[in-house]
Each structure stands twice: as structure tokens, then as C-alpha cells.
Amino acid sequence: LNNKSLRSIRGKDKIRREKGNIMIKSSIKDRIKVVKGDITKLEVDAIVNAANSSLLGGGGVDGAIHKAGGKEILDECIKIRNKQGGCSTGEAVVTTAGKLKAKYVIHTVGPVWSGGQKNEKELLEKCYYNSLRLAVENKVERISFPNISTGIYRFPKDLATEIAINEVSKFLQDDTIITEVVFVCFDDENYRGYLEYIGKN
Ligand code: AR6
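Below is a short write-up of the structure. Bear in mind that the values here come from a model prediction, so they are computed numbers and not experimental data. (Residues numbered from 1 in each chain as written. Predicted model: local features only at pLDDT ≥ 70, side-chain atom pairs only at ≥ 80, totals over all residues. Heavy atoms only, no water.)

## Looking at the layout of surface pockets
Empty space among the atoms becomes apparent when a probe as large as a water molecule is rolled across them.
And then number 1: Computed from the structure, the largest pocket encloses a volume of approximately 520 Å³.
And then number 2: Lining the largest pocket are 27 residues; nearest its centre among them are Ala-50, Gly-60, Val-61, Gly-151 and Ile-152.
And then number 3: At the level of elements, strand E2 (46-51), helix H3 (60-69) and strand E6 (180-185) are the ones that each hand at least two residues to the lining of the largest pocket.
And then number 4: Among the elements that line the lining of the largest pocket, the one with the most residues is H3, at 4 residues.
And then number 5: Of the residues in the lining of the largest pocket, the class split is 12 nonpolar, 11 polar and 4 charged. (1 Å grid on protein atoms, 1.4 Å probe; cavity = no way out; pocket = protein on both sides within 12 Å on 5 of 7 lines; lining within 4 Å. Points joined across faces, edges and corners; volume = space filled by probe spheres on them. Helix = DSSP H or I, 4+ residues; strand = E, 2+ residues; numbered from the N terminus. Nonpolar A, V, L, I, M, F, W, Y, C, P; charged D, E, K, R; others polar.)

Okay, here's the thing in C-alpha cells:
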């Protein structure tokens, strides 16, 4: 994607955001899956990691991905960190997936929830948007997301679900090579919430 087409995608995105929530069309729903389980086990082209801005690993899903994927992932994270000083909240970077079945890990940094007045919603939207943009740039067709920010970063689960599904749906409305987006829920509350939200919209 060149800068001009990226700007035009962002432009369209803004218009859609102003209109608020969308009804999810069945052609989009067909490309979205919700499963319960461990994201490190998924066979897709790319799995997304809920990282922190140091890119050096941590607990939760980040810890699980680095543990299962091995040292190669951390080595590439360190290279990125040395080059650009980590990853800001809402942004995303891509590395190998090491020993995992996926080809890539896309590391994105979700916002820490601190009451909702610190742009947390917009930053979480950016995590999904930037991860998908990076996926397309790397010719990824099948991608899976964890429930970014809903663990250690304490983002309210119902709001995070709405943001994740709406942002992914908006992205899939445009012409894209992405054929499948899998939301991998680890806990029952997220899993039930995702199924309910998709069922209602
Ligand atoms: N597969 C799928 N989802 C998982 C897994 C797994 N193996 N393990 C946990 N989850 P969290 P955050 C879910 O805390 O809130 C790290 O230390 C979990 O149930 O992993 O974005 C980073 O280094 C929750 O719903 O990420 C950062 O410092 C979701 O993944 C910080 O945590 C996200 O929970 C990021 O916090």
C-alpha cells in the first residue's frame, strides 16, 4: 500500500466512525470467527500479541506467545526496539512467529484502562486497525486476535468487544485480502460477550 491509498483508507475510516456503529453484514460475519482457547495453538498466517511498549515480553498472552514461539521472536523484538525504541500504544510491529504454527506475530500495544478519559477507546481501535494494516502489507489472509487490553490492562470487556468487532468489520468492508479473522477468547466472559455481540448486530 502506498501512502496515498493508506490516506484514502484512513479518510473513509473517519467518515464511518462518525456514523457510529455499523450493522454487520452477513458477508462480513462469514469472515469472522469466535473461538475459545489458547491463541498460540492457532494455525493462521498471523497471530496478534497484546504486548507492551518495551516489546520485551511480559505476562498474559504476551508471555504465552513468547514461551511457545521461542527466542527468535524476542530476538526480532529486540532488533525493532533498538531501531525504533519499542512500540507506542495503538501501534503495531511484525516479527517471525518462531516455533508457532503461524508465520508472523503482530505485536500491538493496547491502552491501559484508566477511566476512559485518556483516549483509551481510540487507542484500542488503532490497535485493531494498525494490526490489520500490517497484516495486509505482509499478505496475511488469516489472522487471529486475542482480547487486547482486557487482562492486565483492565479495559472493560464489553466495551473492548464492541470496539474489536466494529473495527474489524469496518476494515473488512473495504476490498482486502483478509479472508478470516479469528477472535480467540481465553475466558468465559469474553467468549460469551463476543458471541452475544455478534448475534445482536
Ligand atoms: N491465548 C489467548 N488469550 C489469552 C491467553 C492465551 N494464551 N492468555 C491470556 N489471554 P493480557 P493486556 C487473554 O493480560 O490486558 C502483558 O504482561 C486474557 O484472558 O494478556 O493487553 C503484556 O506484556 C485477556 O482476555 O493483555 C503487557 O504488559 C487477553 O488475553 C500487558 O500484559 C489480554 O490479557 C498487556 O495487558
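That was the structure; now back to the text.
## Let's talk about the side chain of Thr-150
And then number 1: Assignment of secondary structure puts Thr-150 in the loop between strand E5 (142-145) and helix H6 (157-173).
And then number 2: Given a relative accessible area of 11%, Thr-150 falls into the buried group.
And then number 3: Within the structure, Thr-150 has its side chain in polar contact with the side chain of Asn-190 (distance 3.3 Å).
And then number 4: In contact with Thr-150, other than residues within four places in its own chain, are Phe-155, Lys-157, Ala-160 and Asn-190. (Buried < 20%, exposed > 50% of the residue type's maximum accessible area, 1.4 Å probe, protein only. Polar contact = N/O pair within 3.5 Å; in protein donor to acceptor, adjacent residues only side chain to side chain. Contact = heavy atoms within 4.5 Å.)

## Digging into the sheet that holds strand E4 (residues 104-109)
And then number 1: Taken in spatial order, the 6 strands of this open sheet run E1-E6-E5-E2-E4-E3, and their pairing is mixed. In this open sheet, the two strands that pair with only one neighbour each are strand E1 (32-36) and strand E3 (92-96). Direction aside, neighbouring strands of the sheet carry axes that sit 25° apart on average.
And then number 2: Strand direction decides the pairing type here: E3 and E4, joined by 5 bridges, are antiparallel. Along E4, the bridge assignment pairs Val-94 with Ile-106.
And then number 3: Against the sheet, helix H4 (residues 71-84) makes contact with E3 and E4, and its axis sits at roughly 140° relative to E3, the strand it touches most.
And then number 4: Strand contacts of H6: E1, E5 and E6, with the helix running at about 170° to E6, the strand carrying the most contacts. (Pairing = 2+ DSSP bridges. Axes fitted to C-alpha atoms, helices over the stretch in contact; angles between N-to-C directions.)

## Some points on the pairing of E4
And then number 1: The element E4 is extensively covered by neighbouring structure, given that 5 of its 6 residues are classed as buried.
And then number 2: Where E2 lies against E4, 6 bridges are found, and the strand directions are parallel. Paired with Val-48 across the strands is Ile-106, a residue of E4.

## Some words on the packing of H6 against helix H7 (residues 188-200)
And then number 1: Direction vectors running N to C along H6 and H7 enclose 50°, while the axes themselves pass 10 Å from each other. The orientation of H6 relative to H7 falls into the category oblique. Judged by the sense of rotation from one axis to the other, the crossing of H6 with H7 is right-handed. Judged by residue contacts, Lys-157, Ala-160, Thr-161, Glu-162, Ala-164, Ile-165 and Asn-166 of H6 engage Glu-189, Asn-190, Gly-193, Tyr-194, Tyr-197 and Ile-198 from H7. (Parallel < 35°, antiparallel > 145°, perpendicular 65-115°, else oblique. Left-handed = near helix turned anticlockwise from the far one by under 90°.)

Nothing here speaks to function; it is all geometry.
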